[in-house]
Amino acid sequence: MRTLKRLFVLLPELAAEAFLLGVLLGGLLFPHLTRLISGVWALAFAVGVVLFLHGYYLTRAFIGLFWRGHKWLYPAIAAALFVMHMHIAIARSKNDLTPFAQATEFPFLAGGACIVFACAFLGDRFLRKWMQAVK
């Protein structure tokens, strides 16, 4: 039952994370708000696909389902996993990216790590309160 609850918390956590990463990517690539609003779902989907193809969601699910320890440890590991997987994905496609897109790597990784940390922290906090309420 505990694993099912962790999965129940992990799925919305990852969905919110993908959406916010899409917003971040859109904000970095398209400074005009009207273009950002119409394409945010496509960007969230694109970021999600890239992370899925590079194994981020598998490693994140493993960490999220089986290793939730100290309240700062899980979010920090999740943020480090994001940075590692996304950096590898960007490094593999460096030749295909424009110089402008290459210049947004560091802000995307830094902002993305903050988003992942916040989503993981809030998800873990919600799970802890839910587990304590059930006892």
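Scroll up a little and you will see the structure.
The structure presented is a predicted model; accordingly, all values stated were derived computationally and were not measured.

Draft legend 1. View of a nonpolar patch on the surface. Side chains of Phe45, Val49, Phe52 and Leu53 sit close together on the surface and give an oily, nonpolar patch of about 470 Å² of accessible area. One can find Val49 in helix α2 (residues 33-53). Exposure remark for Val49: the relative accessible area of 31% places this residue in the partly exposed category.

Draft legend 2. A look at the packing of aromatic side chains. Inspection of every chain in the model, using the stated rule, returns nine aromatic pairs. Arranged with centres 5.9 Å apart and planes meeting at 65 degrees, the rings of Phe82 and Phe108 form a pair that is edge-to-face. Of this pair, Phe82 sits in helix α4 (residues 73-92) while Phe108 sits in helix α6 (residues 105-134), and the two are 26 residues apart along the sequence. Ring-pair connections join several aromatic residues into one group, and the members of that group are Tyr56, Tyr57, Phe82 and Phe108.

Draft legend 3. Region of interest: the nonpolar core. Membership of the largest hydrophobic core comes to 27 residues, with the highest contact counts inside it found for Leu21, Leu51, Tyr56, Phe82, Met86 and Phe108. Elements represented by at least two residues in this core include exactly α1 (2-29), α2, α3 (56-66), α4 and α6. The dominant element in this core, judged by the number of residues it contributes, is α4, at seven residues. If we ignore the near neighbours within four places in the chain, the residues touching Tyr56 are Glu17, Leu51, Ala78, Leu81, Phe82, His85 and Val116.

Draft legend 4. Representation of the side chain of Glu17 in the model. Within the element layout of this structure, Glu17 appears in helix α1. Classification of Glu17 by relative accessible area gives buried; the value is 0%. Excluding anything up to four places from it in sequence, Glu17 contacts Tyr56, Arg60, Ile115, Val116 and Cys119.

Draft legend 5. Molecular detail of the pattern of salt bridges. Summed over all chains, the structure comprises three salt bridges. One salt bridge in this structure joins Arg60 and Glu17, with 2.5 Å as the shortest N-O distance. Residue Arg60 is located in helix α3, and its partner Glu17 is located in helix α1; the two are separated by 43 residues in the primary sequence. Connected through shared salt-bridge partners, Glu13, Glu17 and Arg60 make up one network.

Draft legend 6. Structural context of the environment of Cys119. Mapping Cys119 onto the fold places it in helix α6. Put simply, Cys119 and Val47 are 72 residues apart on the chain and 16 Å apart in space, counted from C-alpha to C-alpha. Excluding its chain neighbours within four sequence positions, the residues that come into contact with Cys119 are Glu13, Ala16, Glu17 and Leu20.

Calculation criteria
Within each chain, residue numbers correspond to sequence positions counted from 1 in written order. Restriction of local features to residues with pLDDT of at least 70 applies here, the model being predicted, together with a cutoff of 80 or more for giving and counting side-chain atom pairs; totals for whole chains, interfaces and linings are based on all residues. In computing side-chain values, all of the structure's heavy atoms are included and hydrogens and water are not. Exposure above 30% relative accessible area and the absence of a salt bridge qualify a residue for a patch, where like charges join within 9 Å and nonpolar side chains (Val, Leu, Ile, Met, Phe, Trp, Tyr) within 5 Å. The protein chains shown are the only cover counted for residues, whose accessible areas, like all others here, come from Shrake-Rupley with a 1.4 Å probe. Criterion for a salt bridge: a side-chain nitrogen of Lys or Arg within 4 Å of a carboxyl oxygen of Asp or Glu. Strands are runs of DSSP state E lasting at least two residues, helices are runs of H or I lasting at least four, and both sets are numbered from the N terminus onward. Note on exposure labels: buried denotes an accessible area under 20% of the residue type's maximum, exposed denotes more than 50%, and partly exposed covers the range between, all computed with a 1.4 Å probe on protein chains only. Stacked, edge-to-face and tilted are the three classes for Phe, Tyr and Trp ring pairs, Trp counted by its six-membered ring, which pair at centre distances within 6.5 Å; planes under 30 degrees apart are stacked, over 60 edge-to-face, the rest tilted. Within this scheme, the nonpolar core is defined by two criteria: the residues are buried Ala, Val, Leu, Ile, Met, Phe, Trp, Tyr or Cys, and they are joined through side-chain atoms within 4.5 Å. Note on definitions: a residue-residue contact is assigned when non-hydrogen atoms from the two residues lie within 4.5 Å.

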